[in-house]
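Tertiary structure, described
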Amino acid sequence: MTTCTSVKSGLWSAADTWDNGVPLANDTIVIATGHTVEYDMTFATGTYALVTVTGTLKFTRTTGTYRFATAVGDTWVGTGTVDIGTVASPIPVGTNHRIYPGKRFGTTLNISVCGVSPTYKFVRLVNTASATATRLEVDTDLTGDIWADGNSVRICNINNASNYEDRVIADITSTYIDITVGLTAEKLAGSYIVLITGNVYFYSHPYGIFNQQTSGLYSKFVAESGPTEGLFQSCTGITANDITHLTGSLMTGCKYATLSDSVSCGSGFSTAFYNNASNTGCVFSHFYMLGRTNRSFDGNHVLYFHNSIFAGNAIVFQYCSGIVLDNTCKFIGNTTIADYSTLTAFGVELISGTTDLTNYSILPVNSYSEFIGYDAMDGAYKAWSQGGIV
C-alpha cells in the first residue's frame, strides 16, 4: 500500500514514470501537475486505492484490452484531466478499456470520454423467436458494422412483461444473428436486440460515475451504474450522446442536461431514487428506454422528449409533472405510460397494448394530462384529471 507519484510524463507501465515504481494493487496514485501519464496496463485483478489527478491521466489508444479499477468507496479527485478519448482522438476500434471507478469521478476533474459506437445500436426481430431459439431473424444487415462474434447483446421483449435476456453472438449474417445459448422465454416480433459490448465500458457499484459535472465530453460508451446513484449524478447543463446504459439509474438529480442518440435498457429497482429520479428541465432526443423492470422515470419535472421510444417497460412515468412528448415519440408494449403524473403528448403513437394513465383521480385540482392527436390520430383528444377522463 504505497503512494506512487508521477515524476515525469510517460507510460503508466514504465517504472521511471513513478517515484516508487509501477503502481500495484492497493497503491494510492498521484499524477502530478504538468505530467501526462498514459494508462496501458491490463491489471487483470485487484484495485488501486485513491486516485488524484492534477496533471493528465490519458487512456492509451494502443490496440489491446485494459482494465482500470479503484476500490469501492474511493473517489477520483483533483483538478486535472481524465482523457478517455476525445473527438479528435477517440479510443479506436481494437482498443478496449474496462473502467471500474470505485465511487465516482470527482466534481473538479475535467473529463473526456469518446469511444467508438456502432452505426446501429440495436436491431429488431422480424419474427417472433420462441423459447430455446438460437437464431434471431433481424431487420437490419449488420455485416458492415462493428457488431462481431463474441459480442454481447441484450434482447428486450415488447410484451408488457418487461423481460430481457443477455446473450453472446455466435454468428452474424445479413438477415440473422445466432446466439450461443437459446432463449429462456419467447420474444415477440419487433423486440429489440441491443449491442451491449463497447470498447469503452464503465461499471460502478453501488455508486454513480459522473458526479456534479457541469461540463465535459460524454460520448460513445457503455455503462452499468449501481443501484444507489445515477450514471450522471447531480450534473447541471451537461450534454451527452451515443451512450448505451445498462441497469440502475441513467440520471439522478440532474438539471438542464441534454441526452441524445442513446439507449437505456433493462433492469430497474423498486426504490424510487434509483430510477432516473428528481431530474428537472432535461431534454431527450433519439432516446430509447427498453425493457425496464420497474418505473423508468420517478419524480421528474419538466422533461422534453423528441423522437423517443419507450418499449417493453413497466410504468414509464411515476410521480412526474410537466412531461412533454412530441409527435415523433412512441410507446410500444409498456404496462403503463404514467402513474400519478401529468404530461402533454402531441400525436404520440401507442402500439401494442400500452395502458394509458393510472391514479389520475388523485392529482391536484387544476392538474391534468392530455394527448393532443391521441394515438397519432389527427383531431383525436384525450385528457385525464381529478374529475375523470374526456
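Quick summary incoming for the structure in this document.

What to know about the packing of aromatic side chains
Applying the stated criterion across every chain, the model contains 37 aromatic pairs. Between Phe-305 and Phe-317, the aromatic rings sit 5.6 Å apart at their centres with planes inclined by 65 degrees, giving edge-to-face as the arrangement. One end of the pair, Phe-305, is in strand S27 (residues 304-306); the other, Phe-317, is in strand S29 (residues 315-318), and 12 residues separate them in sequence. Each member of the pair, Phe-305 as well as Phe-317, carries the same accessibility label: buried.

Examining the layout of surface pockets
By volume, the largest pocket amounts to about 220 Å³. Forming the boundary of the largest pocket are 15 residues, of which Thr-119, Tyr-120, Lys-121, Phe-122 and Tyr-288 lie nearest the centre. For the lining of the largest pocket, the secondary structure elements donating two or more residues are strand S12 (122-124), strand S24 (258-265) and strand S25 (283-290). Partitioned by chemical class, the residues of the lining of the largest pocket number 6 nonpolar, 4 polar and 5 charged. Of the voids in this model, the second largest pocket is the one considered here, and its volume is about 180 Å³.

Quick word on the environment of Gly-299
Along the chain, Gly-299 falls in the loop between strand S26 (297-298) and S27. The class for Gly-299 is buried, based on a relative accessible area of 18%. Remark: the alpha-carbon pair of Gly-299 and Thr-354, spanning 55 residues in sequence, is separated by 21 Å.

Quick word on the sheet that holds strand S13 (residues 135-137)
One open sheet accounts for 6 strands, arranged S12-S17-S14-S15-S16-S13; its pairing is antiparallel. What marks the edges here is a single partner per strand, and that holds for S12 and S13. Across the sheet, the mean angle separating the axes of adjacent strands is 40 degrees when strand polarity is ignored. Pairing analysis gives 3 bridges linking S13 to strand S16 (residues 176-179), with the strands arranged antiparallel. By the bridge assignment for S16, Leu-136 is matched with Ile-177.

Remarks on the pattern of salt bridges
Opposite charge on two side chains permits pairing when their charged atoms draw close. Here the structure, examined in full by the defined rule, presents 11 salt bridges. The shortest N-O distance in the salt bridge between Asp-166 and Arg-154 comes to 2.7 Å. Residue Asp-166 is found in strand S15 (residues 164-172), and its partner Arg-154 is found in strand S14 (residues 152-156); the two are separated by 12 residues along the sequence. Among the residues examined, Arg-154 registers a relative accessible area of 4% and is labelled buried. A network of salt bridges, in which partner residues are shared, links Glu-165, Arg-167 and Lys-187.

What about the nonpolar core?
Among the nonpolar cores identified, the biggest contains 68 residues, and Phe-232 and Phe-317 are the most heavily contacted of them. Other than its neighbours up to four places away in sequence, Phe-232 contacts Phe-210, Tyr-218, Phe-221, Ile-238, Ala-240, Ile-243, Leu-250, Met-251, Thr-252 and Cys-254. If you look at the next biggest cluster of nonpolar residues, it comprises 17 residues, including Val-123, Ala-133, Leu-136 and Ile-172.

Scoring rules and cut-offs
- Residues numbered from 1 in each chain as written.
- Predicted model: local features only at pLDDT ≥ 70, side-chain atom pairs only at ≥ 80, totals over all residues.
- Heavy atoms only, no water.
- Phe/Tyr/Trp six-rings, centres within 6.5 Å; stacked < 30°, edge-to-face > 60°.
- Helix = DSSP H or I, 4+ residues; strand = E, 2+ residues; numbered from the N terminus.
- Buried < 20%, exposed > 50% of the residue type's maximum accessible area, 1.4 Å probe, protein only.
- 1 Å grid on protein atoms, 1.4 Å probe; cavity = no way out; pocket = protein on both sides within 12 Å on 5 of 7 lines; lining within 4 Å.
- Points joined across faces, edges and corners; volume = space filled by probe spheres on them.
- Nonpolar A, V, L, I, M, F, W, Y, C, P; charged D, E, K, R; others polar.
- Pairing = 2+ DSSP bridges.
- Axes fitted to C-alpha atoms, helices over the stretch in contact; angles between N-to-C directions.
- Salt bridge = Lys/Arg side-chain N within 4 Å of Asp/Glu carboxyl O.
- Core = buried A, V, L, I, M, F, W, Y, C linked by side-chain atoms within 4.5 Å.
- Contact = heavy atoms within 4.5 Å.

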